[in-house]
2 protein chains.
Amino acid sequence: MKQNTATKVESPCQQERILPPATRFVELTGDYGSDEFMLRSGGRLKGVTIAYECWGELSLNQDNAVLIFTGLSPNAHACSSPEDPTPGWWEYMIGPGKPIDTNRFFVICVNSLGGCFGSTGPLSENPDTGESYNLDFPEITIEDVAKAGHHAIQELGIDHLHAVVGASMGGMTSLAYALQYPGEVDYLVSVSAAARALPFTIAVRSLQREIVRSDPAWNKGYYAASEEPVQGMLVARKLGLLSYRASEEWRQRFNRARVSPERRSTEPFGVEFEVESYLNHNACKFAAIFDANSYLYLSRAMDLFDVAEHGGSVNAGLAKIQTKRALVIGVETDILFPIEQQIEIADGLRKAGRSVDFHYLSSINGHDSFLIDKEHFAPVIADFFAESCIALDSKDRDPYAN
Amino acid sequence: MKQNTATKVESPCQQERILPPATRFVELTGDYGSDEFMLRSGGRLKGVTIAYECWGELSLNQDNAVLIFTGLSPNAHACSSPEDPTPGWWEYMIGPGKPIDTNRFFVICVNSLGGCFGSTGPLSENPDTGESYNLDFPEITIEDVAKAGHHAIQELGIDHLHAVVGASMGGMTSLAYALQYPGEVDYLVSVSAAARALPFTIAVRSLQREIVRSDPAWNKGYYAASEEPVQGMLVARKLGLLSYRASEEWRQRFNRARVSPERRSTEPFGVEFEVESYLNHNACKFAAIFDANSYLYLSRAMDLFDVAEHGGSVNAGLAKIQTKRALVIGVETDILFPIEQQIEIADGLRKAGRSVDFHYLSSINGHDSFLIDKEHFAPVIADFFAESCIALDSKDRDPYAN
């Protein structure tokens, strides 16, 4: 395991791609004793590093580990810690006394394989050339992202998970984890995920990729670190925000408000409405730090995901999952991973005899609700983990000890 | 009135911007006896031409004229005729014996002011410079598009409309027409329209405009006819298609089908799924013929539209409409102009004492349903026009004559 180090990458937006200071690293040994990590596509990677953060303490009998996979864009800094007190991307959900209680659980969040926040990805040095992989990085799949997370926790000495948790792409990855390692995880939390990518979301992501590829600075994938396709990433992210949020919430928040004259763009057809300014502001934060090729690889990985490839049908794929209990959450206003896809996951697991808690939340924040809507999400996830603790207590501990 | 002429513009996509052969032209005299057409923004245009097509015969007492405004992208060729037998964009709706029956009505469809299919727009010659306006074209609004249609039919000798009809942007324009000329139209048909642009649709259109503006070929609006920003228009149109259609219909049509190997793109992250190929094919047809600046102007005009500017509130604006009866249609799967906006129009008209037929159709084709879903749309519009004919008959004609 590498020492905790802060790595700095210059970005052309006057922002720096700084890894959160609590980031840790684990180097994976390869498959079958080799130094190569085998990918589902047939590709291979030498010397894979996975970046992660962790909170809480691993119990002596190692039965309290919770692995969290992220959506496409977050890094491994899911919540704050004494080492890094800045709020993480799921701050309300993870921590002492929070729904995923770090007084009780050892929580690990990994940066996805293919990502750009410390894990091996297109920005990493290709050991064969000494240069960044860029488009020489092999095709990756959600199954590979799950496998890299699995290998990472094994390197940390953990053979069994109490739970695997993920939302959006992280939910897909959690499904892939649970079906690839069926004996190794007791509880599954799948939030606003999908058992397979459907054409509307494929179209959204395809368009985001085309926007990035259309930016001349992308340079067919071989851009210099100082000349990243920031404009393409900015616009692609705006399209992401359109698909992640919901119409009604924006109506309540912005309606037809204009930006004040001094904030109005002088460019023709530039910013005039508050909603346009909001998109600019939020997308810029992302475009400044996310590597374009990482984005393309992870985006395509989501398109390729289809649980039906693990058994001939979605239900047959889901039937490989052997968790004690699963929590499946969907949101009414999610247009990207709609409720029908959450029902598909819950139904498939139930048909296979699994115990499933299914929640259909009326959040108005669309696909991103899990990041924002503490009021609806916190109690559902808190209850699920509290009940899983009772099982843990009755199995391994003296319930009268306290 | 100009003679019918076919105008040809070379396009860089190996396609030509050819006006449909039945296109006719009318030159507007200006406001207040001047040669200038006054715009809502304060801008002025000299020598405005409006392109149109027409079908059927104007009755002797001129009581059977139906004016159709288009969505953002169509030309005036709404249906075929002996002069141009190619199908129009609303072929199933307009024609002899069809819901808008040209045996009964004199139907006129105008190309919008600001458009690029024969009406004055950014591509037109600026009489002050002898060059295309490009971004020297003044800001236009939906109200101006309605006014240009109004002046056009007046030039044709029509002072009163039996009906004004429009869907999408055309529906907004029809609302603007009815409220600006309240004594001059008896029936109103508003399909999948909006009384005001809301932030989600403003965001979609803002992003489309940014995509076009990000194409280096756009050249800050002053591109040559041979170097149009086709890639930007292609991607912007794909985003349009995403917002015009509905997820479930694509799931049924494409699901996760891959393109055959010989049709697969050799570019990295190029076309792999059928839905991506479909988007390419459809968007290319549009990008090849639609002028980028026209697109920007009309797109912004939709953002600016707000009936509340005509009286202080949406309801006060709608209360200016004095039609005998209005037909308001919304579609369940429309994410761009959602059903709440159709209810807003219908409720506002009813509160003002207007008679309203409101239909909520379960079409699965999203915002574009009116173009595709003959089964749901044809009977509703046929019934509305048939009932309006009874009123026409009882007022002006001997009902026993036949």
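Residues numbered from 1 in each chain as written. Chains lettered and ligands numbered in written order. Predicted model: local features only at pLDDT ≥ 70, side-chain atom pairs only at ≥ 80, totals over all residues. Heavy atoms only, no water.

A. Quick look at the sheet that holds strand β12 (residues 185-191) of chain A. All names here are of chain A. Reading across the sheet, the eight strands line up as β3-β6-β10-β7-β11-β12-β13-β14 and stay open at both edges, with mixed pairing between neighbours. Two strands in the sheet have a free side with no partner beyond their single neighbour: β3 (24-27) and β14 (356-361). Adjacent strand axes in the sheet meet at a mean angle of 20° when their direction is disregarded. In this structure, strand β13 (residues 325-331) lies alongside β14, joined through six bridges in parallel fashion. Its bridge partner being in β14, Leu327 is matched across the sheet by Asp357. Relative to strand β7 (residues 65-69), helix α1 (residues 142-155) is tilted by about 150°, and along the sheet it contacts β3, β6 (49-55), β7, β10 (106-110) and β11 (161-167). The sheet contacts of helix α2 (residues 169-180) involve β7, β11 and β12, and relative to β11 the element is tilted by about 145°. (Pairing = 2+ DSSP bridges. Helix = DSSP H or I, 4+ residues; strand = E, 2+ residues; numbered from the N terminus. Axes fitted to C-alpha atoms, helices over the stretch in contact; angles between N-to-C directions. Contact = heavy atoms within 4.5 Å.)

B. A look at the interface of chain A and chain B. Across the boundary between the two partners, chain A contributes 49 residues, which contact 49 residues of chain B. Between chain A and chain B, the buried area comes to about 4400 Å², and carbon and sulfur atoms account for 64% of it. Contact with chain B buries surface across chain A, with Phe200, Arg256 and Phe269 of chain A losing the most and accounting together for 18% of the total. Linking Arg300 of chain A and Glu276 of chain B is a salt bridge whose minimum nitrogen-to-oxygen distance equals 3.6 Å. (Buried area = accessible area lost by both parts, 1.4 Å probe. Salt bridge = Lys/Arg side-chain N within 4 Å of Asp/Glu carboxyl O.)

C. Layout of the pattern of salt bridges. All chains considered together, the criterion is met by 48 salt bridges over all chains. Across the salt bridge formed by Asp128 of chain A and Lys46 of chain A, the nearest N and O atoms sit 3.3 Å from each other. Placement of Asp128 of chain A in the loop between β10 and α1 and of Lys46 of chain A in strand β5 (residues 44-46) is noted, with a sequence separation of 82 residues between them. A relative accessible area of 34% means that Lys46 of chain A is categorised as partly exposed. For the salt bridge of Arg258 of chain B with Glu272 of chain B, the shortest nitrogen-to-oxygen distance reads 3.2 Å. Here Arg258 of chain B is found in the loop between α5 (247-253) and α6 (274-287), whereas its partner Glu272 of chain B is found in the loop between α5 and α6, with 14 residues between them in sequence. Look at Arg258 of chain B and you get partly exposed, because its relative accessible area is 31%. When its relative accessible area of 13% is taken as the criterion, Glu272 of chain B is described as buried. One network of salt bridges, with partners in common, ties together Arg205, Arg209, Arg300 and Asp303 of chain A together with Arg258, Glu272 and Glu276 of chain B. (Buried < 20%, exposed > 50% of the residue type's maximum accessible area, 1.4 Å probe, protein only.)

D. The sheet that holds strand β11 (residues 161-167) of chain B, seen in detail. Residue and element names in this part refer to chain B. Spatially, β3-β6-β10-β7-β11-β12-β13-β14 is the arrangement adopted by the eight strands of the open sheet, whose pairing is mixed. Strands with a single pairing partner mark the edges of an open sheet, and in this sheet they are β3 (24-27) and β14 (356-361). Strand-to-strand twist across the sheet, computed as the mean angle between neighbouring axes with direction ignored, equals 20°. Note that β3 and strand β6 (residues 49-55) share four bridges and pair antiparallel. Within β6, the position partnered with Val26 by the bridge is Ile50.

E. Expanded view of the packing of α1 of chain A against α2 of chain A. All names here are of chain A. Contact geometry for α1 and α2: axes closest at 8 Å, N-to-C directions at 70°. With respect to α2, the axis of α1 lies roughly perpendicular. Pair α1 / α2 crosses with right-handed handedness. Two secondary-structure elements touch here, α1 through Ile142, Glu143, Val145, Ala146, Lys147, Gly149, His150 and Ile153 and α2 through Met169, Met172, Thr173, Ala176, Tyr177 and Gln180. (Parallel < 35°, antiparallel > 145°, perpendicular 65-115°, else oblique. Left-handed = near helix turned anticlockwise from the far one by under 90°.)

F. Fine view of the confidence of the model for chain A. Residue and element names in this part refer to chain A. Model confidence for chain A is summarised by a mean pLDDT of 93, while 94% of its residues fall at 70 or above. Between residues 1-14, whose pLDDT stays under 50, and residues either more than four places distant or in other chains, the model counts 35 contacts. Both scores are given for the predicted complex: the pTM is 0.93, the ipTM 0.92. (pLDDT = per-residue confidence, 0-100.)

G. Representation of helix α7 (residues 292-304) of chain B within the structure. Relative to the 18 Å expected for 13 residues at 1.5 Å per residue, α7 of chain B spans 19 Å between its end C-alpha atoms, a close match to the ideal helical length. Counting buried positions along α7 of chain B gives 13 out of 13 residues, so the element sits mostly inside the fold. (Expected span 1.5 Å × (residues − 1).)

H. Region of interest: the relation of the copies chain A and chain B. Of the transformation placing chain A onto chain B, the axial shift is 0.0 Å and the rotation is 180°, giving an RMSD of 0.0 Å. Taken together, the rotation and translation relating the two chain copies correspond to the operation of a two-fold axis. Most of the interface of chain A is mirrored in chain B, where 100% of its interface residues are also at the interface. (Least-squares fit on C-alpha atoms with pLDDT ≥ 70 in both.)

I. Geometry of the environment of Gly311 of chain B. Note on placement: Gly311 of chain B falls in the loop between α7 and α8 (314-318). Those residues in contact with Gly311 of chain B, other than ones at most four positions away along the chain, are Ala316 and Lys320 of chain B.

J. Looking closely at the nonpolar core. The biggest cluster of nonpolar side chains holds 199 residues, and the ones touching the most others in it are Tyr177 of chain A together with Tyr177 of chain B. Once residues lying within four places of it in the same chain are set aside, the contact partners of Tyr177 of chain A are Leu67, Phe69, Ala146, Gly149, His150, Ile153, Leu161, Val164 and Val185 of chain A. (Core = buried A, V, L, I, M, F, W, Y, C linked by side-chain atoms within 4.5 Å.)

K. Representation of the pairing of β12 of chain A in the model. All names here are of chain A. Across the seven residues of β12, seven count as buried, placing the element largely inside the fold. Looking at chain direction, β11 and β12 are connected through six bridges and run parallel. Along β12, the bridge assignment pairs Ala167 with Val191. For the handedness criterion, the β-α-β arrangement of β11, α2 and β12 is classed as right-handed. (Right-handed = clockwise from strand over helix to strand, strands pointing away.)

L. The packing of aromatic side chains, seen in detail. In the structure shown here, the tally under the stated rule is 35 aromatic pairs over all chains. Their ring planes at 70° and their centres at 6.5 Å tell us that Trp250 of chain A and Phe254 of chain A sit as a pair that is edge-to-face. An identical accessibility class is assigned to Trp250 of chain A and Phe254 of chain A; each is buried. A centroid spacing of 5.6 Å and a plane angle of 75° characterise the contact between Phe117 of chain B and Phe290 of chain B, whose relative ring orientation is edge-to-face. Taken together, the positions of Phe117 of chain B in the loop between β10 (106-110) and α1 (142-155) and Phe290 of chain B in the loop between α6 and α7 put the pair 173 residues apart, joining distant regions of the chain. Here Phe117 of chain B falls in the buried class, since its relative accessible area comes to 6%. You can call Phe290 of chain B buried: its relative accessible area is 2%. Cluster of aromatic residues (ring-pair linked, three or more members): Phe105, Tyr187, Phe384 and Phe385 of chain A. The aromatic ring of Phe286 of chain A is capped on one face by Arg237 of chain A, whose charged end is 4.2 Å from the ring centroid. Looking at Lys147 of chain B, its charged tip hangs above the ring of Phe37 of chain B, at a distance of 4.7 Å from the centre. (Phe/Tyr/Trp six-rings, centres within 6.5 Å; stacked < 30°, edge-to-face > 60°. Lys NZ or Arg CZ within 6 Å of the ring centre and 35° of its normal.)

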